[in-house]
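# Structural overview
Spelled out, the chains give:
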Amino acid sequence: MRKKSNISLGPGASSLILIFVVLSLMTLGMLSLMTGKNDLTLSGRSADVVEAVYALNVQAEETRSRIDRVLVESAKDATDQEAYLEAVALGLEDLGEEIYLEDDLVCFTVSDGYREIDCALKVASLGDSRRASWERYNLYAVTEDVWN
Amino acid sequence: MHNRSNALLVELLIVIMFFMLSSTILLEVFGKAHGMSEKAEAMADAVVEAQNTADLLYLSDAPEETLLEAGFAKEEDSWTRSVGTYLLEVTLHSEESETGTIYYSQVAAILGDETLVTLPVARYEEGMGT
């Protein structure tokens, strides 16, 4: 004959189990919440950085359009390449920004304070169908706090 | 013996009630964490998709055709494409000058009423310069 085993639950045992279960679940819940919050913050910061970089790209293209206007104006009266580049250098000074000519490269920087794009446009020969093309387009972090 | 059983019963009842109360709060916490994780995942995915679309538009000579090929549908002033839980919306416009044209686009990822990311794109195209 098999012996019946009596498992008796003493007073307080269920409370102890409850405390253990609730504490465990609470810890897991807090960890999940913290992970979710951190993931969201990271995704948000990443999105902000990407937005800022694309905004800088827009600035660079707009600057390029202003430079192109100078190139068109300079080409009108220029007789040779040298005169053309001289006129371009003068025209760039009139733009009133930090845009300068270095040999046949028009160099400029667009920045938002936290990162900058160092750009250089190669000026084509006088009479070419295409007036300029990107030669350099480098993105740098200006501050250590690149997450801003 | 009878008193001990009653005490155990009362204790069990209290334990069950407390557990139910805790479960309600914990379920809310887990639900919130799940919501946050889902939003974070959608945002990370949306950034990549928006970047892909923005880069396609930057390189494209015919943005509208590119958008059609990428699965976007035209809606009044914008182009939209549903991706998972969020919506990609693209608006196009251009500014013409004497020397060339700047083609502007804006790629936005929208989740419900919230905009997850907005990427501006510009591409300058030289004109004849006359």
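Below: a short report on this structure. (Residues numbered from 1 in each chain as written. Chains lettered and ligands numbered in written order. Predicted model: local features only at pLDDT ≥ 70, side-chain atom pairs only at ≥ 80, totals over all residues. Heavy atoms only, no water.)

### Considerations on the sheet that holds strand E4 (residues 100-111) of chain B
- With antiparallel pairing, the five strands of this open sheet are ordered in space as E1-E2-E3-E4-E5 (chain B). At either margin of the open sheet sits one strand with a lone partner, and together these are strand E1 (73-75) and strand E5 (114-126) of chain B. Going across the sheet, the axis of each strand differs from the next one's by a mean of 25°, ignoring polarity.
- With ten bridges joining them, strand E3 (residues 86-96) of chain B and E4(B) adopt antiparallel strand pairing. Note on E4(B): the bridge partner recorded for Glu89(B) is Ala108(B).
- Packing of helix H1 (residues 13-77) of chain A onto the sheet brings it into contact with E4 and E5 of chain B, and relative to E5(B) it is tilted by some 20°.
- The strands touched by helix H1 (residues 2-59) of chain B are strand E2 (78-83), E3, E4 and E5 of chain B; relative to E5(B), the strand with the most contacts, the crossing angle is about 10°. (Pairing = 2+ DSSP bridges. Helix = DSSP H or I, 4+ residues; strand = E, 2+ residues; numbered from the N terminus. Axes fitted to C-alpha atoms, helices over the stretch in contact; angles between N-to-C directions. Contact = heavy atoms within 4.5 Å.)

### Section: unusual backbone geometry
- Located in the positive-phi region is Asp103(A), a residue other than glycine, with phi close to 55°.
- Along the chain, Asp103(A) falls in the loop between strand E1 (99-102) and strand E2 (105-111).
- We note that Glu76(B) has phi near 45°; this positive angle belongs to a residue other than glycine.
- Note that Glu76(B) resides in the loop between E1 and E2.

### Points about the nonpolar core
- Counting residues in each nonpolar core, the largest one holds 23 residues, and the members touching the most others are Tyr86(B), Leu88(B), Val107(B), Val117(B) and Leu119(B).
- Elements with a contribution of two residues or more to this core: H1 of chain A together with H1, E2, E3, E4 and E5 of chain B.
- With seven residues, the single largest contributor to this core is H1(B).
- Setting aside residues up to four positions removed in sequence, Leu119(B) forms contacts with Val50(A), Glu51(A), Tyr54(A), Ala50(B), Gln51(B), Ala54(B), Ser105(B), Gln106(B) and Val107(B).
- Within the second largest apolar cluster, 19 residues are counted, among which are Ile67(A), Val106(A), Phe108(A) and Ala132(A). (Core = buried A, V, L, I, M, F, W, Y, C linked by side-chain atoms within 4.5 Å. Buried < 20%, exposed > 50% of the residue type's maximum accessible area, 1.4 Å probe, protein only.)

By themselves, these observations are geometric and do not establish any function.
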